[in-house]
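Remarks on the overall topology
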Amino acid sequence: MQLLPLELLLDILIQKYLSTSSCISFVLETSLIFHSPVGFIYITPDEKVLVEQILAVSEIGCSDYVILMKEPEKFMNAFERVIHLGNVRRSDRKLIFLPHDANLNDVNLASKVFSLKGSAFVANMLIVAYSKNSQQECLVFDLITHKFVGTDSQLNAPLYLDRWNSCTAKFEKQANLFPNDMTNLQGKTLKVACFTYKPYALLDLDTAIEPLGRDGIEVRIVDEFCRWINCTVEIVQEEIDQWGEIYKNETNGIGVIGSVVADRADMGIPALYSWYEEWRVMDFSVFGVRTAITCVAPAPRLLSSWEMPLMPFTWYLWAAVIITFFYSSIGLLIAEGFYLDSHPFLTVFGMMIAQSQFESGVSWKVRSVTGWLLIVGLILSCAYGAGLASTFTVPRYEPSIDTVQDIVDRRLEWGATHDAWIFSLTLSSEPLVKQLVSQFRTYSFDELKRKSLTGSMAFSIEKLPAGNFAIGEYLSKEAVLDMMLMLEDFYYEQCVIMMRKSSPYTEKISQLIGRLHQSGLLLAWETQVALKHLNYEVQLEVRLSRSKNDGVTKPLNASNVVGVFMMYLTGVIFSIATFLTELMVHHRRTRI
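Numbering of residues starts from 1 in every chain and runs along the sequence as written. Owing to the predicted nature of the model, reporting of local features is limited to residues with pLDDT of at least 70; listing and counting of side-chain atom pairs is limited to 80 or more, with chain, interface and lining totals taken over all residues. Computation of side-chain values covers all heavy atoms of the structure but excludes hydrogens and water.

1. Quick notes on the overall build of the protein chain
Across its full length, the protein chain holds 18 helices and 21 strands. Over its C-alpha atoms, taken along the principal directions, the protein chain stretches across nearly 140 × 55 × 45 Å. Any residue under 20% of the maximum accessible area for its type is buried, any over 50% is exposed, and the rest in between are partly exposed; the area is computed with a 1.4 Å probe on protein chains only. Out of the 592 residues in the protein chain, the part that is buried amounts to 46%. Whether two residues are in contact is decided by their heavy atoms, any of which lying within 4.5 Å being enough. Contacts spanning at least 24 positions in sequence make up 71% of the contacts within the protein chain whose residues lie at least 6 apart. In this charge count, Lys and Arg are treated as positive and Asp and Glu as negative; neither His nor the chain ends contribute. We put the charge of a Lys on NZ, of an Arg on CZ, of an Asp on CG and of a Glu on CD. For the protein chain, the centre of its 51 positive side-chain charges and the centre of its 64 negative side-chain charges are spaced 3 Å apart. Labels follow the DSSP assignment, with helices taken as runs of H or I lasting at least four residues and strands as runs of E lasting at least two, numbered in each case from the N terminus.

2. Remarks on the UniProt feature "transmembrane region" (unreviewed entry) in the protein chain
UniProt positions are given in the numbering used here, feature names are shortened, and annotations may be inferred rather than shown by experiment. As recorded in UniProt, the sites labelled "transmembrane region" (unreviewed entry) are residues 315-335, 372-392 and 565-585. Secondary structure content for residues 565-585 is 100% helix and 0% strand, while the C-alpha to C-alpha distance between its ends is 30 Å.

3. Quick word on the UniProt feature "domain: Ionotropic glutamate receptor L-glutamate and glycine-binding" (unreviewed entry) in the protein chain
UniProt annotation of "domain: Ionotropic glutamate receptor L-glutamate and glycine-binding" (unreviewed entry) refers to residues 188-298 when read in the numbering used here. Between the end C-alpha atoms of residues 188-298 the distance is 49 Å, and the span holds 22% helix and 34% strand.

4. As for the packing of helix H2 (residues 50-59) against helix H3 (residues 72-85)
Lines are fitted to the C-alpha atoms to define the axes, a helix being fitted only along its stretch in contact, and any angle between axes, read from their N-to-C directions, falls within 0 to 180 degrees. In contact at an axis separation of 9 Å, H2 and H3 are set at 55 degrees when each is read in the N-to-C sense. One way to sum up the angle between H2 and H3 is to call them oblique. The handedness of the crossing between H2 and H3 comes out as right-handed. Listed contacts from H3 to Leu50, Val51, Ile54, Leu55 and Ser58 of H2 are Lys74, Phe75, Ala78, Phe79, Arg81, Val82 and Leu85. Considering only residue class, the contact of H2 with H3 consists of nine nonpolar, one polar and two charged. Oblique is the label for any angle not under 35 degrees, not over 145, and not in the 65 to 115 range, which are roughly parallel, roughly antiparallel and roughly perpendicular in turn. Crossing handedness is read from the near helix: turned anticlockwise from the far helix by less than a right angle, it gives a left-handed crossing, and turned clockwise, a right-handed one. Each residue gets one of three labels, nonpolar for Ala, Val, Leu, Ile, Met, Phe, Trp, Tyr, Cys and Pro, charged for Asp, Glu, Lys and Arg, and polar for the others, Gly among them.

5. Things to note about the packing of aromatic side chains
Classification of ring pairs uses Phe, Tyr and Trp, with its six-membered ring standing for Trp, and accepts pairs whose centres are within 6.5 Å; under 30 degrees between planes counts as stacked, over 60 as edge-to-face, and the remaining range as tilted. All chains considered together, the criterion is met by 25 aromatic pairs. Arranged with centres 6.4 Å apart and planes meeting at 35 degrees, the rings of Phe195 and Tyr197 form a pair that is tilted. Among the residues examined, Tyr197 registers a relative accessible area of 9% and is labelled buried. Each ring, one from Phe459 and one from Tyr474, has its centre 6.1 Å from the other, and the planes form 40 degrees; the classification is tilted.

6. Focus: the state of the cysteines
Cysteine sulfur atoms that pair up within 2.5 Å are treated as a disulfide. This model, assessed by the stated rule, comprises three disulfides. With a sulfur-sulfur separation of 1.7 Å, Cys23 is cross-linked through a disulfide to Cys62. Its S-S torsion of approximately 60 degrees makes the covalent link between Cys23 and Cys62 right-handed. In this pair, Cys23 is assigned in the loop between helix H1 (5-17) and strand E1 (24-28) and Cys62 in the loop between H2 and strand E3 (64-68), connecting sequence segments 39 residues apart. Neither Cys23 nor Cys62 differs from the other in exposure class; each is buried. There is a disulfide in this structure between Cys138 and Cys167, and the S-S distance comes to 1.6 Å. Residues Cys138 and Cys167 are joined by a disulfide whose S-S torsion is about -100 degrees; by sign, that bridge is left-handed.

7. Some remarks on the layout of surface pockets
To find leftover empty space, one rolls a probe the size of a water molecule over the atoms. If you add up the space inside the largest pocket, you get close to 660 Å³. As for the largest pocket, its lining consists of 15 residues, and the residues nearest its centre are Trp318, Val321, Phe349, Ile353 and Met567. At the level of elements, helix H8 (315-335), helix H9 (344-352) and helix H10 (364-393) are the ones that each hand at least two residues to the lining of the largest pocket. Top element by residues in the lining of the largest pocket is H8. It accounts for five residues. Residues that form the lining of the largest pocket fall into these classes: 14 nonpolar, one polar and no charged. A 1.4 Å probe that fits but cannot get out identifies a cavity on a 1 Å grid over protein atoms alone, an open set with protein on both sides within 12 Å along at least five of seven lines counts as a pocket, and a residue lines either if it has an atom within 4 Å of a point. Grid points are joined across faces, edges and corners, and a volume is the space filled by probe spheres set on the points. The calculated volume of the second largest pocket comes to roughly 390 Å³. Lining the second largest pocket are 22 residues, with Pro298, Ala299, Arg301, Gly455 and Asp482 positioned closest to its centre. The residue makeup of the lining of the second largest pocket, split by class, is eleven nonpolar, four polar and seven charged.

Written as structure tokens, this is what we have:
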């Protein structure tokens, strides 16, 4: 069968540039004859359901397209919508537009397609247009792409690549028709949404210290990326909204992730985790930093001095002592024949605190009870004395906050300046995690700084792979002196770079991060940034926080015996009140 010139050219393009595709989608308003070495799907476009048609083939992997439509801009508008709706991501999609009308000027066709928003995010686009040099017997086709690289003013400009003649069936220049392979962007601007969050990103630094005025682990990744593919980094600062959020329409938002979704930035950093809700509408690179999220909680405080006399025994043992006291008093009362004037309760109390008795009576029952009570009193007083000596010598602290369960049991607030810290937990159905999320609070920087000095809440921090910590600037050295690093991590996450869906940068930035992992540079960068920009004293205090409160023997001081004197004073007041009560009762009886 004799092929038309356009069909012959299409066969050549498919064989040369689409033979490695997993599947090709042909969106054709006019029937064409072609030979495809790979699987393909044929679509007759319907404007009313074009989005659904393209979405269906995209989701099954047919993400390279050959388009022949009278109004190709309708395909691009639908294609842009599919990018946001679908779950399939691909950085190197190829789009080939075939001419529908031989009378249509190729400049008009190229300007229509390349001026659309979606074209700015597809590197591999090719327009086949009838050339003005075409003759009736020999059709000539111009092969055009968009500049895509270079300065911002050049990005949408048509770039004439080659020309194909149907009579010779050859290309004039034998040029690469898909030249934008992301290896050289020729200085193209790469917009990166970011805010200062140490040690991932630091902005507005003194240029005498940092020539670019910025530094940080993920900032270095982006800078290295642009050195590799020859682009220019432009920082889009989001200091106010920080990580931000995505609006319900999923096409706009605030902060870093909002800027990426709304295409105000090409990439988003820092400390963006692999959150599910964000993954639904954006592309993720491979992870750069593996981080563990935990808290620095208020350090255990010294127990109040009035509690010291009670500390030698546990509450269960005190309960046993009290039960023994009443049981023994009742036993002595029975042994004495219910003779109340013998004061059995005072007698038992005296023996339990190792006090001697005036007489034990002549009854063997009383002697038996008294003998056992003296033994119990001796044991209790010796045990209590030893425990009290230890309590007065070695400082005693409250139980430390080590686990998630400890924070939940104490109903302790924990928080930061943004609720991004709980994005990874909000979808959990585990009761413990749900309770933990409910105790999270967001406060302003100044409020957190004030609360850090009160010991009223815990503060979320990150444990980084090289042993450093990402700690908010609101935690000063004075604040962390009274805090302790928890033993248990709340969760761990992978820090990724976020981009729009099917971004042309995704594959390339992932390749770079993989090389950085292999070389160990990410760990080296973390250490360098930490030593250069982080507060070493705060880092050291947090790292050693679990060893600085170890018990140390020390001489007794007045605060150690406040509890004893409080008990003494209570006893004196109680005895005086009892004495006065007895006098009043005796006086009334005398008058009667």
